[in-house]
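Remarks on the overall topology
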Amino acid sequence: AQSVAQPEDQVNVAEGNPLTVKCTYSVSGNPYLFWYVQYPNRGLQFLLKYITGDNLVKGSYGFEAEFNKSQTSFHLKKPSALVSDSALYFCAGSEPTGANNLFFGTGTRLTVIP
Amino acid sequence: GAGVSQTPSNKVTEKGKYVELRCDPISGHTALYWYRQSLGQGPEFLIYFQGTGAADDSGLPNDRFFAVRPEGSVSTLKIQRTERGDSAVYLCASSVSGQGTGELFFGEGSRLTVL
């Protein structure tokens, strides 16, 4: 079955330090991959996507993600964390046929400590 | 408003009752999606509409769940004979074209509690 996995339920990082939120995928062919963020009492918000092309994808709020085919990973990164980045982050994927049903990971709660 | 609107934000019902959840997508978005998010889990796909038709309903768990979008805008998710296991946050999202590569805009969800 097609899926993405987020191995960490919780990530803590000090403000100003680099952050990484991990995601691995299991998708046949070349997957479409996404990151979404959920702030308290807010709907899920799109951060970035990988469809094809450059393996390093840049998105909103200074976030970026690197598609690594050999490691089947799509980790979310930011060079310098802000307290306001504290939220729940979801990795998602879809089949390369352009299917519209995204499958999501279980989420990683990021806490940035002042 | 400019975003996806879902009503009610909270619904408490008794086992066996019928429930309707409403979604008002962003104006002009042809694609509309329903997802279900249980506690501690990621959103789980239920159904996808392109215009008025359900293009993919493979995620609906059983025939107690049904959704409509009669005019290609507002959608209603209907749950018959609710069970305690239906308790979850039901999320609606819309996108411009539904081509599978685009960005989904999510509402804040409707939290359903079945007692």
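The coordinates are above.
Definitions and cut-offs
- Residues numbered from 1 in each chain as written.
- Chains lettered and ligands numbered in written order.
- Predicted model: local features only at pLDDT ≥ 70, side-chain atom pairs only at ≥ 80, totals over all residues.
- Heavy atoms only, no water.
- Helix = DSSP H or I, 4+ residues; strand = E, 2+ residues; numbered from the N terminus.
- Rg over C-alpha atoms; globule rule 2.2 N^0.38 Å.
- Buried < 20%, exposed > 50% of the residue type's maximum accessible area, 1.4 Å probe, protein only.
- Polar contact = N/O pair within 3.5 Å; in protein donor to acceptor, adjacent residues only side chain to side chain.
- Contact = heavy atoms within 4.5 Å.
- Phe/Tyr/Trp six-rings, centres within 6.5 Å; stacked < 30°, edge-to-face > 60°.
- Pairing = 2+ DSSP bridges.
- Axes fitted to C-alpha atoms, helices over the stretch in contact; angles between N-to-C directions.
- Buried area = accessible area lost by both parts, 1.4 Å probe.
- Salt bridge = Lys/Arg side-chain N within 4 Å of Asp/Glu carboxyl O.
- Nonpolar A, V, L, I, M, F, W, Y, C, P; charged D, E, K, R; others polar.

On to the overall build of chain A, then. In terms of helices and strands, chain A carries zero helices and 12 strands. For chain A, the N- to C-terminal ordering of α and β elements is β-β-β-β-β-β-β-β-β-β-β-β. Relative to the 2.2 N^0.38 estimate, which gives 13 Å for 114 residues, the radius of gyration of chain A is 13 Å and therefore close to what a compact globule would have. Buried positions account for 49% of the 114 residues belonging to chain A.

Let's shift gears to the side chain of Lys78(A). All names here are of chain A. Structurally, Lys 78 can be placed in strand E9 (residues 73-78). Polar side-chain contacts of Lys 78 include one of 2.9 Å to the side chain of Asp 85. Setting aside its immediate chain neighbours within four residues, Lys 78 contacts Pro 18, Leu 19, Tyr 61, Gly 62, Phe 63 and Asp 85.

Before going further, it helps to spend a moment on the packing of aromatic side chains. Residue and element names in this part refer to chain A. Tallying each qualifying case throughout the model produces 13 aromatic pairs over all chains. Consider the rings of Tyr 36 and Phe 46, whose centres lie 5.7 Å apart with planes at 75°: the pair is edge-to-face. Of the two residues, Tyr 36 sits in strand E5 (residues 32-38) while Phe 46 sits in strand E6 (residues 45-50), which places them 10 residues apart along the sequence. Taken as a pair, Tyr 36 and Phe 46 share a single burial class, namely buried. Aromatic side chains Tyr 36 and Phe 104 sit 5.9 Å apart centroid to centroid with 55° between the ring planes, which places their arrangement in the tilted category. Placement of Tyr 36 in strand E5 and of Phe 104 in strand E11 (residues 103-104) is noted, with a sequence separation of 68 residues between them. Taken as a pair, Tyr 36 and Phe 104 share a single burial class, namely buried.

In this section: the environment of Glu15(A). All names here are of chain A. The topology assignment puts Glu 15 in the loop between strand E2 (10-14) and strand E3 (19-21). C-alpha of Glu 15 to C-alpha of Asp 85: the two residues are 70 residues apart in sequence and 9.4 Å apart in space. With near-sequence residues (within four places) excluded, Glu 15 lies in contact with Ala 81, Leu 82, Val 83, Val 112, Ile 113 and Pro 114.

Moving on, we come to the side chain of Gln6(A). Residue and element names in this part refer to chain A. Along the polypeptide, Gln 6 turns up in the loop between strand E1 (3-5) and E2. A distance of 3.1 Å separates the side chain of Gln 6 from the backbone nitrogen of Gly 107, its partner in a polar contact. A distance of 3.1 Å separates polar atoms of two side chains, one belonging to Gln 6 and the other to Thr 108. Sequence-distant contacts of Gln 6, defined by excluding residues within four places in its chain, comprise Val 21, Lys 22, Trp 35, Tyr 89, Phe 90, Cys 91, Gly 105, Thr 106, Gly 107 and Thr 108.

Time to look at the sheet that holds strand E1 (residues 5-7) of chain B. Paired through backbone hydrogen bonds, the strands of a sheet run either parallel or antiparallel to each other. Residues and elements named next belong to chain B. With antiparallel pairing, the four strands of this open sheet are ordered in space as E1-E3-E8-E7. Two strands in the sheet have a free side with no partner beyond their single neighbour: E1 and strand E7 (65-68). Taking each pair of neighbouring strands and ignoring which way they run, the sheet shows an average axis angle of 15°. With five bridges joining them, strand E3 (residues 19-24) and strand E8 (residues 75-79) adopt antiparallel strand pairing. Residue pairing in the sheet places Leu 21 in a bridge with Leu 77 of E8.

Residue and element names in this part refer to chain B. For Ser 75, the location among the structural elements is in strand E8. Spatially, the C-alpha atom of Ser 75 lies 8.2 Å from that of Pro 25, the residues being 50 residues apart in sequence. When sequence neighbours within four positions are dropped, the list of residues in contact with Ser 75 reads Leu 21, Arg 22, Cys 23, Leu 32, Trp 34, Phe 49, Val 68 and Arg 69. Engagement of the side chain of Ser 75 in a polar contact is seen with the backbone oxygen of Val 68, the distance being 2.9 Å.

Let's shift gears to the interface of chain A and chain B. Chain A puts 21 residues into the contact, and the matching count from chain B is 22 residues. Both faces combined, the contact of chain A with chain B buries some 1,600 Å², and carbon together with sulfur accounts for 54% of it. Here chain A is connected to chain B by zero salt bridges. The interface formed by chain A and chain B holds two residue pairs in polar contact (both at pLDDT 80 or more) in total. Those elements giving two or more residues to the side of chain A that touches chain B turn out to be E5, E6 and strand E10 (87-94) of chain A. The element that contributes the greatest number of residues to the side of chain A that touches chain B is E5(A), accounting for four residues. For the side of chain A that touches chain B, the class distribution of residues is 10 nonpolar, nine polar and two charged.

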